Amino acid sequence: MSHKRIPKRKAAMAVGGVVALGAAAILLPNANASQDGASDGVAAAPKTLKAGDASDLATRLAGTLGDAYAGAWYDGEDKQLVVNVVRGENTMALKVRSAGAEVRWVDNSMTELEAGAGTLKSEAAIPGTSWAVDPRTNKILVTADSTVTGDKWDQLESTVENLGSGMATLKKSAGTFRTFASGGDAIFAGGARCSLGFNVTAGDGSPAFLTAGHCAAAGDQWSDQQGGEPIATVDQALFPGAGDFALLTYDDPATEAPSEVNVGGQTVPVVQAAEATVGQQVFRMGSTTGLADGQVLGLNATVNYPEGTVTGLIQTDVCAEPGDSGGSLFTQDGLAIGLTSGGSGDCTVGGETFFQPVTTALEAVGATLGDGGAGAGGQAGGQEQGAGQEQGAGQDAGDGEAGADDQAGAGDQADGQGVGTGQDGAGGQDGTGTGSGRHSGQDSRLSRTH
């Protein structure tokens with residue numbers, strides 16, 4: 001793919017409506033205190049942990065426990081890590097308690113659960129389905145959207161039943177799984193609109209940013225406004241397959257790219273990338289719906305979009321809509337968790353959503369984020385907030401009709417500032433619908449360095 005350079009631009013993440021205000025009220029107090037609870041060596045009670053620390057502990061214990069480990073999740077109410085241990089592994093349970101986590105005895109090992117997921121992949125990889133291990137139930141959560149009917153539903157149901165009793169749970173989603181191309185700050189290419197995820201530093205030291213891989217199908221060059229001059233160029237992209245991410249380098253190497261998320265007048269500094277933990281509270285920023293919050297439901301999720309299967313995703317209950325693709329998934333204390341990929345539903349009725357882990361994307365493209373690497377001008381990752389904020393401009397997705405089977409955002413529309421019609425380019429399919437929308441809120445602008 002070709003390379004372009006980006007002018008020094010500013011990014012102010014757009015916040016839309018009541019949902020954003022509600023989430024902001026939760027987010028902005030920003031309680032960062034962490035307590036260790038019991039001291040090292042005292043295993044009488046689980047430690048009190050921040051979600052990020054719980055994730056690190058879960059990773060360490062997974063390596064220590066081996067086959068006895070069957071997943072873990074974060075209890076946000078008690079601020080404790082709960083670790084599943086296969087029944088009878090008493091010695092390993094003692095190690096969990098000594099490390100400061102709570103033990104929960106389960107029957108299904110992670111090896112058995114992963115084998116079940118492998119069976120689903122080989123026998124029921126039907127567009128409109130997804131699955132992920134849910135450590136809270138010690139089962140595989142299998143979800144089918146509204147398009148999975150008739151013989152397809154029978155095939156999926158039969159496969160789940162054949163996994164055996166207590167191995168999987170099958171649920172039906174009222175919506176349709178699709179990518180949400182059309183997201184933080186709005187970016188545009190070829191009529192498509194997506195969202196800037198996180199500013200990063202590319203391997204060669206140049207300023208860049210991450211977004212969803214399916215967005216790259218719309219074109220190599222991206223602008224900060226519909227019909228505007230390109231400011232960034234796709235350097236690497238992956239979709240479908242083992243992820244949904246893209247690295248875009250700014251065309252102007254002097255671009256200042258601070259590592260932060262703008263949630264509408266206030267910014268959340270992004271300190272580093274981190275692994276997600278089931279049960280963790282997370283926040284999503286996108287150019288269509290602004291700020292929303294929810295919980296992580298599953299890890300290493302597989303989603304069968306119409307364009308193809310994507311693996312290794314994070315499953316959540318955070319709402320999203322067309323235009324939010326590529327947008328930031330982060331925590332209250334500034335950890336970059338994911339990039340919006342797709343899902344079902346909307347921010348009125350809710351639904352299932354899936355995110356590309358930031359850690360995996362960074363490793364794949366050779367970039368760093370936050371404290372991991374400084375951007376141009378000595379700043380890490382992210383973009384400055386624009387000097388002037390205007391109403392509208394690429395804020396909300398319109399009432400776009402979907403093209404091509406109403407799936408995967410192929411024809412989802414996003415109207416930016418009333419200038420033409422923004423069309424999602426997910427999966428490289430040409431959408432045929434049209435869309436328009438009324439906007440409110442703050443415009444995101446990137447400002448040029450001369």
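Conventions and cut-offs
- Residues numbered from 1 in each chain as written.
- Predicted model: local features only at pLDDT ≥ 70, side-chain atom pairs only at ≥ 80, totals over all residues.
- Heavy atoms only, no water.
- Pairing = 2+ DSSP bridges.
- Helix = DSSP H or I, 4+ residues; strand = E, 2+ residues; numbered from the N terminus.
- Axes fitted to C-alpha atoms, helices over the stretch in contact; angles between N-to-C directions.
- Polar contact = N/O pair within 3.5 Å; in protein donor to acceptor, adjacent residues only side chain to side chain.
- Disulfide = S-S within 2.5 Å.
- Buried < 20%, exposed > 50% of the residue type's maximum accessible area, 1.4 Å probe, protein only.
- Arc of directions from axis to C-beta.
- Patch = residues over 30% accessible without salt bridge, like charges linked within 9 Å, V, L, I, M, F, W, Y side chains within 5 Å.
- Areas by Shrake-Rupley, 256 points an atom, 1.4 Å probe, with all protein chains shown as cover.
- Salt bridge = Lys/Arg side-chain N within 4 Å of Asp/Glu carboxyl O.
- Lys, Arg positive; Asp, Glu negative; His and termini not counted.
- Charge placed at Lys NZ, Arg CZ, Asp CG, Glu CD.
- Core = buried A, V, L, I, M, F, W, Y, C linked by side-chain atoms within 4.5 Å.
- Contact = heavy atoms within 4.5 Å.
- pLDDT = per-residue confidence, 0-100.
- Expected span 1.5 Å × (residues − 1).

Novice: Lay out the sheet that holds strand β1 (residues 69-75) in plain terms, naming residues and giving numbers.
Specialist: Reading across from one edge, β1-β2-β3 is the order of the three strands in this open sheet, with mixed pairing throughout. The open sheet has two free edges, formed respectively by β1 and β3 (102-106), since each of these has just one partner strand. Averaged over all pairs of adjacent strands, the angle between their axes in this sheet comes to 25°, without regard to strand direction. Of the strand pairs in this sheet, β1 and strand β2 (residues 80-86) are connected by five bridges, and their pairing is antiparallel. Note that in β2 the partner of alanine 72 across the bridge is valine 83.

Novice: Account for the side chain of serine 259, with residues named and values stated.
Specialist: Relative to the helices and strands, serine 259 is located in the loop between β14 (245-250) and β15 (260-262). A distance of 2.8 Å separates a polar side-chain atom of serine 259 from the backbone oxygen of valine 270.

Novice: Run through unusual backbone geometry, naming residues and quoting values.
Specialist: In this chain, phenylalanine 239 is followed by proline 240 through a cis amide linkage whose omega measures -15°. Checked against the element boundaries, proline 240 lands in the loop between β13 (232-238) and β14. With a phi angle near 60°, asparagine 138 is a residue other than glycine that sits in the positive phi range. Within the element layout of this structure, asparagine 138 appears in the loop between β4 (129-134) and β5 (139-144).

Novice: Tell me what's going on with the state of the cysteines, and back it up with residues and numbers.
Specialist: Considering all chains together, one arrives at two disulfides under this definition. Cysteine 194 shares a disulfide with cysteine 215; S-S distance 1.9 Å. Disulfide cysteine 194-cysteine 215: the torsion about the S-S bond is -100°, which places it as left-handed. Residue cysteine 194 is located in strand β9 (residues 192-195), and its partner cysteine 215 is located in the loop between β11 (207-211) and β12 (221-222); the two are separated by 21 residues in the primary sequence. A sulfur-sulfur separation of 2.0 Å characterises the disulfide bridge that pairs cysteine 319 with cysteine 347. Residues cysteine 319 and cysteine 347 are joined by a disulfide whose S-S torsion is about 90°; by sign, that bridge is right-handed.

Novice: Can you break down the sheet that holds strand β10 (residues 198-201) residue by residue, with the values?
Specialist: Strand order in the open sheet formed by five strands is β10-β11-β14-β13-β12, and the pairing between neighbours is antiparallel. Each of the sheet's edge strands pairs with one partner strand only, and the pair in question is β10 and β12. Pairing between β12 and β13: two bridges, direction antiparallel. Residue glutamine 221 lies in a different strand from β13, and its bridge partner there is threonine 233.

Novice: Go over helix α6 (residues 358-365) with me, naming the residues and quoting the values.
Specialist: Among the residues of α6, Val358, Thr359, Ala361, Leu362 and Val365 are the ones counted as buried. The buried residues of α6 occupy one face: seen down the axis, they fall within an arc of 165°. Count one or two residues on from α6 and you reach glycine 366, which has phi positive near 75°.

Novice: Hey, could you go over a negative patch on the surface for me, with residue numbers and the actual values?
Specialist: Taken together, the side chains of Asp151, Asp154, Glu157 and Glu161 define an acidic patch exposed on the protein surface. Along the chain, glutamate 161 falls in helix α5 (residues 150-162).

Novice: Quick one: what's the story with the nonpolar core, residue by residue and with numbers?
Specialist: By size, the foremost hydrophobic cluster in this structure holds 24 residues, and its most contacted members are Phe198, Leu210, Phe330 and Val358. Elements represented by at least two residues in this core include exactly β10, β11, β14, β18 (281-286), β22 (335-343) and α6. Among the elements that make up this core, the one with the highest residue count is α6 (four residues). Formed by 19 residues, the second largest nonpolar core is a distinct cluster that contains Ala51, Val83, Val85 and Val103.

Novice: Any details on the environment of leucine 65? Residues and values, ideally.
Specialist: Note on placement: leucine 65 falls in helix α2 (residues 51-65). Sequence separation of leucine 65 and methionine 92 is 27 residues, and the distance between their C-alpha atoms is 6.0 Å. Apart from residues lying up to four places away in sequence, leucine 65 is in contact with Val83, Val85, Met92, Lys95 and Val96.

Novice: Explain the confidence of the model for the chain residue by residue, including any values.
Specialist: Counting all residues, the mean pLDDT for the chain is 77, and 71% of those residues have values of 70 or more. Confidence drops under a pLDDT of 50 for residues 373-450, and excluding neighbours within four residues, the segment shows 261 contacts in the predicted structure.

Novice: Pulling in residues and values, what's your account of the pairing of β13?
Specialist: Across six bridges, β13 lies against β14 in antiparallel orientation. Of the residues in β14, the one forming a bridge with leucine 238 is phenylalanine 245. Following β13, the chain reverses through six residues before pairing antiparallel with β14; glycine 241 in that reversal takes a positive phi of roughly 120°.

Novice: A description of α5 should follow, citing residues and the corresponding values.
Specialist: Between its first and last C-alpha, α5 extends 18 Å over 13 residues, near the 18 Å set by a 1.5 Å rise per residue. Lining the buried residues of α5 we find α4 (110-123), β4, β5 and β6 (168-172). Two residues or fewer past α5, glycine 164 is found with a positive phi of approximately 110°.

Novice: How would you summarise the pattern of salt bridges if you had to cite specific residues and measurements?
Specialist: Going through the model one piece at a time under the given rule, you end up with five salt bridges. Put simply, arginine 87 and aspartate 107 hold a salt bridge, and the shortest N to O gap is 2.9 Å. You can see arginine 87 sitting in the loop between β2 and α3 (90-99) and its partner aspartate 107 sitting in the loop between β3 and α4, a full 20 residues away along the chain. Taking the relative accessible area as the measure of exposure, aspartate 107 reaches 56% and is therefore exposed. Put simply, glutamate 352 and lysine 171 hold a salt bridge, and the shortest N to O gap is 3.2 Å. Since its relative accessible area comes to 9%, glutamate 352 is described here as buried.

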